[in-house]
Every structure is written in structure tokens, then in C-alpha cells.
Amino acid sequence: MPLGAGENWDNPGGDWGESHFSRLETINPGNVSRMGLAWEYDLGTSRVQEATPVVIDGVMYTSGNLGRVYALNAATGEELWTFTPELDMQVNRFACCDQANRGVAVSGDKVMVAALDGRLWALDRATGEPVWSVDTVVDHTRGYTSTGAPEVAGDLVVIGNGGSEYDARGYVTAYNIADGSQAWRFFTIPHDPAEGPQENPELVPALETWSEETRWDIGGGGTAWDAIVYDPKFDQVIVGTGNGGPYPQAVRSPGGGDNLYLNSLVALDRETGRMNWHFQETPQDNWDLTATQPMILTSLDIDGEQRPVILHTPKNGFFFVVDRENGYAHAANPIVRTNWADGFDMEAQRPNITMEDADYSNGPKIVFPGSPGARNWYPAAYDPTRDTYFAHVLDMGNLLFLPGPVDNVERKEKALNAGAAIIFTPDLEAAAATLPPPLRAAVQAQAAWEWVKQKPFESQLRAIDPMTGETKWAVEQLGWQDRNGVLATQSGLVFHGNVAGTVFARDADTGEALWSIETGSTIMAAPMTYMVDGVQYVAVQTGWGGGGWGFVPRYSAAYSKGNANRILVFRLDGGQVAIPEDLPPLQPAPEPPEQFADATPEMIARGAAMFTENCTMCHSNQPRAGLPDLRRMNRGIHGGFQQIVRGGLFVSRGMPQFEDLLSEEDVHAIHAWLISVQGPLRERELELQEKGLPLDTQSLTILSNY
Ligand SMILES: O=C(O)c1cc(C(=O)O)c2c(n1)C(=O)C(=O)c1cc(C(=O)O)[nH]c1-2
Ligand SMILES: [Ca+2]
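Read on for a plain summary of the structure. Because the structure is predicted, anything quoted here is derived from the model rather than measured.

Rules behind the numbers
- Residues numbered from 1 in each chain as written.
- Chains lettered and ligands numbered in written order.
- Predicted model: local features only at pLDDT ≥ 70, side-chain atom pairs only at ≥ 80, totals over all residues.
- Heavy atoms only, no water.
- Helix = DSSP H or I, 4+ residues; strand = E, 2+ residues; numbered from the N terminus.
- Rg over C-alpha atoms; globule rule 2.2 N^0.38 Å.
- Buried < 20%, exposed > 50% of the residue type's maximum accessible area, 1.4 Å probe, protein only.
- Contact = heavy atoms within 4.5 Å.
- Areas by Shrake-Rupley, 256 points an atom, 1.4 Å probe, with all protein chains shown as cover.
- Lys, Arg positive; Asp, Glu negative; His and termini not counted.
- Charge placed at Lys NZ, Arg CZ, Asp CG, Glu CD.
- Disulfide = S-S within 2.5 Å.
- Pairing = 2+ DSSP bridges.
- Axes fitted to C-alpha atoms, helices over the stretch in contact; angles between N-to-C directions.
- Polar contact = N/O pair within 3.5 Å; in protein donor to acceptor, adjacent residues only side chain to side chain.

The next thing to look at is the overall build of the protein chain. In terms of helices and strands, the protein chain carries eleven helices and 40 strands. Its C-alpha radius of gyration of 24 Å places the protein chain within 12% of the 27 Å reference for a compact globule of 706 residues. Projected onto the principal axes, the alpha-carbon positions of the protein chain cover approximately 75 × 60 × 55 Å. In the protein chain, which comprises 706 residues, the proportion classed as buried is 65%. Put simply, 63% of the contacts in the protein chain that link residues at least 6 apart link residues at least 24 apart. A total accessible area of about 24500 Å² is found for the protein chain, and carbon and sulfur atoms account for 50% of it. Distance from the positive charge centre (49 side chains) to the negative charge centre (91 side chains) of the protein chain: 4 Å.

See the structure below:
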């Protein structure tokens, strides 16, 4: 079966190999400059958009934030139906990365989506009415979510979960598409052996790679939150598994071994769910180097023999070419600076891990790649006719250190348990200057400090040779937060958007931009292409969000024009895109109420620390962030603070309730801190305003949301 989608684009990856490659050639380098807007559809939201639409027989099916679903006439944009999952918005408390959803699965008369709360919905394809739904979450005392697209595998649909930054233990479940009944479930990591036999036999050998001191109670991680691919040749489902939880192995599994099957590809028999093989990409994970990133299935000529392979570029910085028959890595080349490993041992089939550079249990370490990953969820495309892989690549590290002792770490139920403090390398030189001198000296003494000084990050769209990992061409992107999904077409074009809202068509052989159009809306999601009645279209969803979503980059359209969620569809001889208006300038913070009579410096300091721990994941308090800057609350919000935070006044609007986690005194302390910063902020901003200066000051360090 050759790779490449035709008139239809069957699944978010496009074709059976999920190559994000199209054989359509109507739009080609000779005429691409004539492209313009065919139609647009307003999704009516202003949150993250990561899905690649599906188009079958002239109908587009796609998902938006939370797992909303849209069915549209693919030639006109006319709305056929929409679906909004009913869910308890309390889920926002344990969603690491906004309200992401990466797409729908379509099979027969059903469209399936996994909502953020982990409920899998099957909708009637003609009407959008729910046919069945199942709760995929095994334990609601833990922070499980779903953000990935379900995967169709014959008469089954397979879905995993997110939550390894919280207290989750990973698994995937296969359901019968006909009625939603469960076919099988595969846990990616063992459970506490004291609590009875393991659910699947593969966990028995895996258990050997976890120490006896393992903190099973915290969760362990291994969540399969994105790529799951059905491999028709071997009738198997290949799953990429997630990072360890908590991140530091010294906490998670002290003295442990590889911690199987974290950060692995596992191939599961479609019918039985039994494991055919596994390949661990990052043994003994300490660094959130997940293997959940999208996989592309193809075959390659390897030493004169055609081998069925997976092309995989996970977070960990390597380009893996893995045999689909047995999990053997035919190639494993670094595509960015890596110092958690200094290469891959082909014979041992494992990376050469360099703990001396990367073990931060004995002091801070600068580790490359950082937790956002050399690659992440944003899809790559593979053109088999050029044997070229097109992908956004982020060459960047992070300083990692333990926030406290590794012993007796408490599990925080349904809350962040990642257990590592992170500063990304673009901020590190400036941040280091503010560290206490001994810590600063320790940071600057590391070999990787040179890397930080030379090039804190590199953010590029690249054309890569899969077997060598070599770059054929590269184009700089706008910044490290500018990440882009990609589409490639047989006619020799590569399409992608950027966070400033430009859509590009590039020459696949040179990277040269042959066409671009301004949309005024941030784009991270991958474009896709399809044909209806002889007309070829290219579609892309717009919207900023996902990991680090509270830190909206200055160079993004979301910053200057707001976060419009749209579907934009282009064709030859189309028109211009309506560009949203600029947002009005930022206004000085309103006057805060009087500080509480009982507020003390200790209380305010405690409030600041608790804010960081419990609130900053969503409330970054940065300019133009998607959620309110709580240093700018008005009197009404100040007055209702306890009811909002503990009473759940705004749960339906997305603000979770914290009654179980924060006492009245805790919330009082957080509030006292917010009041204490609002006054000085207001004064500073009034001064800036008087001088005619903009108020857009971001904080130095972008905290990780991963
Ligand atoms: O460990 C997990 O369970 C988990 C889940 C998710 C998610 O579900 O979105 C992300 C991550 N990890 C993660 O590490 C990460 O970098 C990330 C980025 C994004 C995004 O949508 O931008 N999600 C996630
Ligand atoms: Ca993660």
C-alpha cells in the first residue's frame, strides 16, 4: 500500500501510515502562488487548537478544545452538526496543557472523540447524536485526562490518557466500535506487587526494572496521551508511552532500573492486546522525555531489503527508525543537542545514558533536550517519493533541580506530582544571574553551560533524512514557542502555519517559501488537504494553547489580536483572509482592596508559594494570557474570592473548586499575596502609562507547564 492520502483524508494522520502526506497534485509549485481563502468557519472558542481535520466524501469532521466536534460541508464550510461533550469542568484542575484535543476517529457510521475528562464518545456520523459513550478512566481519585485522537484498528477503537505530571498510571483501552464494550486494556507500567497479580503478563518482566522502593502510590506515569497507530501489516496497535511520574527516578523508583514500559513503543496484538515487542527510547526516565509523539509507518530500503518501519522523533532528541516486525532500531541519530545520552549503542539497542551530566538528584543539571521536547505533538510529514521527513524541531534544554528532599515525598491527590523544578535554557542566562551564588556556580560549572551561552535554543522547520537524521534544509521559526504541524504533498510542497498567523507553502526540495498568506490567527496545528468535485483544498485550525499556554509569546497573533479559533480553508484563486482587529492596549491594574488586617509577611510569603504550587499552571499572570491575571482582579472578584476558589462559584466557566486541597486560611493567604502585588503593579503601570510606554512586561522565567 503506497503512502499518501488521496481525495479523502481518513484520520488525523491522513492515510494508513499517518504520514501527513498527500498524493494530490492539483496544487503544485507552479500554481501555489494563486492560493487564497475558500471558506472559514468560526469555532466560537478561544482556546487551544491542535487537531488535524478528517475529510471523507466531502464532509469535514474535526475536534476543538475539550473534545468538541464539528461536521462541516468540506466544499463550503456549511455547518452540518456540532457536538459539545458534557463534562465536569473540575477536570481543568488536572489538565497539564490546556484543553487540548488532537482529533476525531471516523469509522462506518460513527465519529469518535475522547473528551478532556476521559470519556470516549461515539457519535452518529450523519447527525452528531451520541450513540454510546464510555468512561475510560479507571480511577477517579487520580488526575486522568484525554487529549489524543482515538485510533481505529479494525472493528476496535483504541484510546489512552494523559496525567503523568499528576498521579496517573498509564494504560490504553480498546473498545468495540459497534457498542462501546471493552475488548482489552493494556497497562503500560506495573502496579504495586503487594496488591495482587499484574493485569497483563508483560508487566511481570517489567516489574523487574522497578525497585522495591518504588513509590507506586504516586502513580508512576507512562500515559499514552497522543500517538497510537494501527499497523495493518502486522495487525497490531503501536503505542507510544509517556514519562515517569514523578520525573526524578530518585523519587519514583529509587535505585530502579529501566522502568519499563515508560517512554517506549509497545506493539500490541490488535485482537488480544498482548504485546508483540517493545522498544524503550528513554530508559530510566528523569526528564519527561516521552515517546508519545506521532509515529509514521512506512517501509524503507535497509541494507538492500525493504523493511516495514516506524519513523519516530520523540521528545528525547533522537530520530528512530524502528522495525515494525520486531522493534529493532535500524537507526537512532540525534537531531538536536542531547546530553542525557551521548549516542545510541546499536548492538545493545539502547542509548548511552550519561547520568553524570543528567542526574539532578545530586544537584542542578542542565539537560538537553528540555521537557517541551525536541519534538512534541505537532505532526511531522513524510514524503516517501523524496524519502524526506518534514518536521518542526526544537533544540533547547532546561535546568532541572529538586525542589526538596527525595524521601517521604507526599502524593498530592489529583494534583501536580512532577517533582522537578525547571528553567528553560532561553531564560537561563538571565535567571542564573538571580540565583544564589553557590547554585549559580554549580550551574555555570556544567559542560552544557557552554551550549546555553552559544545557542540557548534553535527552533526550526526541517527537512530530514530518516536514516541519517541529517538536515537537508532548515528554516528558522519565530521563537522557541513557535511550533508547527506540517503537511507534505507529492507535488513538492510543504505547508505549515506559525504562531504569528502566517501560512506558508514551501518548496519541498529547498524550503523556499513559494506562497504565504496572513491570517492574523495563531497556528500550531497541522494543515491537511483533500479534494471535492475536482477542487483541491488545504485546511488548518487556528488557536494558541497547549503546554505553556499561559505564556503567550509577544510575536504571536494571539498576543496582538486575541486567540481566534477558526478553520481556514484555502484553494487556488481564493480570496483574502479577514484579519482580526488588534486588541486594545493593556490597562493598568485596578485599585486593590485594603490588605487584610491580619496579613503578615509570613502569611503573604506562604500565599505566594501556594499560588505557585496550585494556581500558576493556569493563571500565569502574564499579559494576554488566556485566563485572568489575578493581579488585576476587580472589587467584585476580590469580594467573592473564597466562594470562587473553595466554593466552586465558577466551575461551569472552567475555574475548578479547591475545597479539598486548600483550607480557608490557605485561600486567605493566597488572596493576601495577590492583594500585596496588585497595588505595586498598579503604581508601576500608571507610571508607564503616564510616560506613554506599553504595559506588556513578561516575567523573566517561563515556568514549565509540562
Ligand atoms: O505526561 C502526560 O500525561 C502528558 C500529557 C499531555 C497532554 O495530554 O496534553 C502533555 C504532556 N504530558 C507533555 O509532557 C507535553 O509536553 C505536552 C504538550 C502538550 C500540548 O498539548 O501542547 N500536551 C502535553
Ligand atoms: Ca508529560
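Structure shown, so let's carry the discussion forward.
With that out of the way, let us pick up unusual backbone geometry. Cis geometry marks the peptide bond from Gly245 to Pro246, where omega comes out at -10°. Within the secondary structure, Pro246 is located in the loop between strand 18 (244-245) and helix 2 (249-252). Looking along the chain, the bond that leaves Phe368 and enters Pro369 is cis, with omega of -10°. Assignment of secondary structure puts Pro369 in the loop between strand 27 (365-367) and strand 28 (381-383). If you check the backbone angles, Asp573 has positive phi at about 60° while not being a glycine.

So, about the state of the cysteines. Evaluation of the coordinates by the stated rule reveals one disulfide. Disulfide pairing is shown between Cys96 and Cys97; the S-S distance is 2.3 Å. With the S-S bond torsion at -95°, the cross-link from Cys96 to Cys97 turns out left-handed. Residues Cys96 and Cys97 agree in their burial class; the two are buried. This cysteine, Cys615, is not joined by any disulfide, and Cys618 carries the nearest cysteine sulfur, 9.0 Å off. The exposure class assigned to Cys615 is buried, which follows from its relative accessible area of 14%.

Attention now goes to the sheet that holds strand 40 (residues 566-572). Strand order across the open sheet formed by four strands is 2-40-39-38, with antiparallel pairing between neighbours. Each edge of the open sheet carries a strand with a single partner, namely strand 2 (35-42) and strand 38 (528-532). For this sheet, the mean angle separating the axes of adjacent strands, direction not counted, is 30°. Pairing of strand 38 with strand 39 (residues 535-542), which is carried by five bridges, proceeds in the antiparallel orientation. Residue pairing for strand 39: Tyr530 is matched across the bridge by Tyr537.

Okay, the environment of Gln536 next. For Gln536, the position within the fold is in strand 39. Separated by 101 residues in sequence, Gln536 and Ile637 have C-alpha atoms that sit 50 Å apart. Those residues within four positions of Gln536 in sequence are excluded, and the remaining contacts are Leu24, Glu25, Thr26, Ile27, Thr529, Tyr530, Met531, Phe570 and Arg571. For Gln536, the side chain forms a polar contact with the main-chain nitrogen of Ile27, separated by 2.7 Å. Separated by 2.9 Å, the side chains of Gln536 and Thr529 make a polar contact.

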